[in-house]
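# Understanding the architecture of this molecule
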Amino acid sequence: MDERAALDLVGGLVGRAGDDAAVVDGTVVTTDMLHESTDFPAGTTRYTAGWRAVGASLSDVAAMGAEATAAVAVYGAPAFDAADLEAFLSGARDVCERVDAEYVGGDLDGHDEFTVASTALGETDDPVTRAGATADDVVCVTGGLGRSAAALRAFDAGDVDRANDLFQFTPRVAAGRALAPYATAMMDSSDGLARSLHQLAAASDCTIDVDEAAVPAVDAVADYATDDADAREMTVFFGEDFELVCTLPDDEIATARDACPVELTVVGDVTGDTAAASSDGAVTVGGDALPDRGFTHGD
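Thresholds applied
Residues numbered from 1 in each chain as written. Predicted model: local features only at pLDDT ≥ 70, side-chain atom pairs only at ≥ 80, totals over all residues. Heavy atoms only, no water. Buried < 20%, exposed > 50% of the residue type's maximum accessible area, 1.4 Å probe, protein only. Helix = DSSP H or I, 4+ residues; strand = E, 2+ residues; numbered from the N terminus. Arc of directions from axis to C-beta. Contact = heavy atoms within 4.5 Å. Pairing = 2+ DSSP bridges. Axes fitted to C-alpha atoms, helices over the stretch in contact; angles between N-to-C directions. UniProt positions renumbered as here; feature names shortened; annotations may be inferred. Phe/Tyr/Trp six-rings, centres within 6.5 Å; stacked < 30°, edge-to-face > 60°. Lys NZ or Arg CZ within 6 Å of the ring centre and 35° of its normal. pLDDT = per-residue confidence, 0-100. Right-handed = clockwise from strand over helix to strand, strands pointing away. Salt bridge = Lys/Arg side-chain N within 4 Å of Asp/Glu carboxyl O. Core = buried A, V, L, I, M, F, W, Y, C linked by side-chain atoms within 4.5 Å. Domains from an automatic or database assignment.

## Digging into helix α6 (residues 160–167)
- Here α6 has its buried residues at Ala163, Asn164, Leu166 and Phe167. Within α6, the buried residues cover an arc of 160° as seen down the axis, which keeps them to one side.
- Turning to α6, the residues buried within the fold contact α2 (36–39), α3 (46–63), α5 (147–157) and α9 (219–224).

## Considering the sheet that holds strand β11 (residues 283–285)
- Spatial ordering of the open sheet is given by β7-β9-β6-β10-β8-β11-β12, a layout of seven strands whose pairing is mixed. What marks the edges here is a single partner per strand, and that holds for β7 (185–188) and β12 (288–289).
- Along the sheet, α3 makes contact with β7 and β9 (244–249), crossing β7 at roughly 175°.
- Against the sheet, helix α8 (residues 193–204) makes contact with β6 (137–142), β7, β8 (207–210), β9 and β11, and its axis sits at roughly 145° relative to β7, the strand it touches most.

## Re the UniProt feature "binding site: Mg(2+) 5" (unreviewed entry) in the protein
- The positions that UniProt labels "binding site: Mg(2+) 5" (unreviewed entry) are, in the present scheme, Asp191.
- Tracing the backbone shows Asp191 in the loop between β7 and α8.
- By relative accessible area, Asp191 is classed as buried at 17%.

## Structural notes on the packing of aromatic side chains
- Tallied over the full model, the rule gives eight aromatic pairs.
- Summarising the aromatic geometry, the rings of Tyr75 and Phe88 are spaced 5.0 Å apart at their centres and angled 75° between planes, so their arrangement reads as edge-to-face. With Tyr75 in strand β3 (residues 67–77) and Phe88 in helix α4 (residues 82–98), this residue pair connects regions lying 13 residues apart in the sequence.
- Put simply, the rings of Phe40, Tyr75, Phe80, Phe88 and Phe114 pair up and form one aromatic cluster.
- Stacked on the ring of Phe167, the Lys or Arg Arg52 has its end atom at 3.7 Å from the ring centre.

## Topic: the confidence of the model for the protein
- Residues with a pLDDT of 70 or more make up 90% of the protein, whose mean pLDDT is 92.
- The model gives residues 275–279 a pLDDT under 50, and that stretch makes seven contacts with residues more than four places away or in other chains.

## Overview of the sheet that holds strand β5 (residues 115–123)
- The five strands are arranged β1-β2-β5-β3-β4 in an open sheet whose pairing can be described as mixed. A single partner strand is all that each edge strand has here, and the edge strands are β1 (22–24) and β4 (102–110). Between one strand axis and the next, the sheet turns by 20° as a mean value, whatever way the strands run.
- Bridge count between strand β2 (residues 27–35) and β5: nine bridges; the pairing is antiparallel. Within β5, the position partnered with Met33 by the bridge is Ala117.
- Set on the sheet, α3 makes contact with β2, β3, β4 and β5; between it and β5 the angle comes to about 40°.
- Along the sheet face, α4 touches β3, β4 and β5 and points at about 150° away from the line of β4.

## A few points about the pairing of β4
- Pairing geometry for β3 and β4, over seven bridges, is parallel. Bridging from a neighbouring strand, Ala77 pairs with Gly110 of β4.
- In terms of handedness, the path from β3 via α4 over to β4 forms a crossover that is right-handed.

## Thoughts on the pattern of salt bridges
- If you walk through the whole model with that rule in mind, you get eight salt bridges.
- Between Arg52 and Glu240 there is a salt bridge whose closest N-O contact spans 3.9 Å. Taken as a pair, Arg52 in helix α3 and Glu240 in the loop between α10 (228–237) and β9 lie far apart in primary sequence, 188 residues in all. The burial state of Arg52 is the same as that of Glu240; both residues are buried.

## Topic: the nonpolar core
- Grouped together as the largest cluster of nonpolar side chains are 45 residues, with contacts concentrated most on Val54, Leu58 and Leu248.
- For this core, the element with the most residues is α3, which contributes eight residues.
- When residues of this core are sorted by domain, at least three fall in each of domain 1 (3–123) and domain 2 (137–289).

This is how it looks when you write it as structure tokens:
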């Protein structure tokens, strides 16, 4: 069973599964697990690991349009080194402070590789789910894409300081809060733009057409992409960027842009109320199918 089949199984058995986070009586809760072998390339500092692991969970809170309140993490490693642990905790605290949340502890465990399981909490009385997009909405993304793909290229090139800086993304909690009154559907882009759009289309039972020329890229993409096709892979398919993907009524775009603290770019349109029979046909680029592929945990 691959990850997507496993997620489908969970969704069929757990009624609250399916969005970036669960919301129970106004409390938002989400959890993530990251491993050294798949998520922290050689050269990743423990500070960056703490920031990134906790930030990934805070991003899920952001995707629900919620206020982030607190986070905890389980730190597992073959041995406990004081400098490593202190650096990890500093990163975890700092990313929480960036979004006005508090890092409040967690657990320690022995493990055969460095592994982090993080949980973030938030609050909202009106969560934004993936299921509200309707025909004639526009599709938007915050910030720029390709940040994590560029970071991996930087690690490979030995540009370790820049790679760690790129890995320390800001969870879009403030943007999520600002967009919540206007967004009809929202999620984060951790699985990649293409896969996120397919997931949103499936949840909202709609079709989406994308203007790829409008997809915003971070500056670092131009520094590491080998050509236009490679840049497309980095921005559209790679994932792990933790930006927000949302749909908005067309007449709310100007107001939402004014409210949003980061750049908000229109990258497509919701073109129909009913998803195409083929999953690949639910999201198109100029009428041609956009493949449903992106980041998969364990790759």
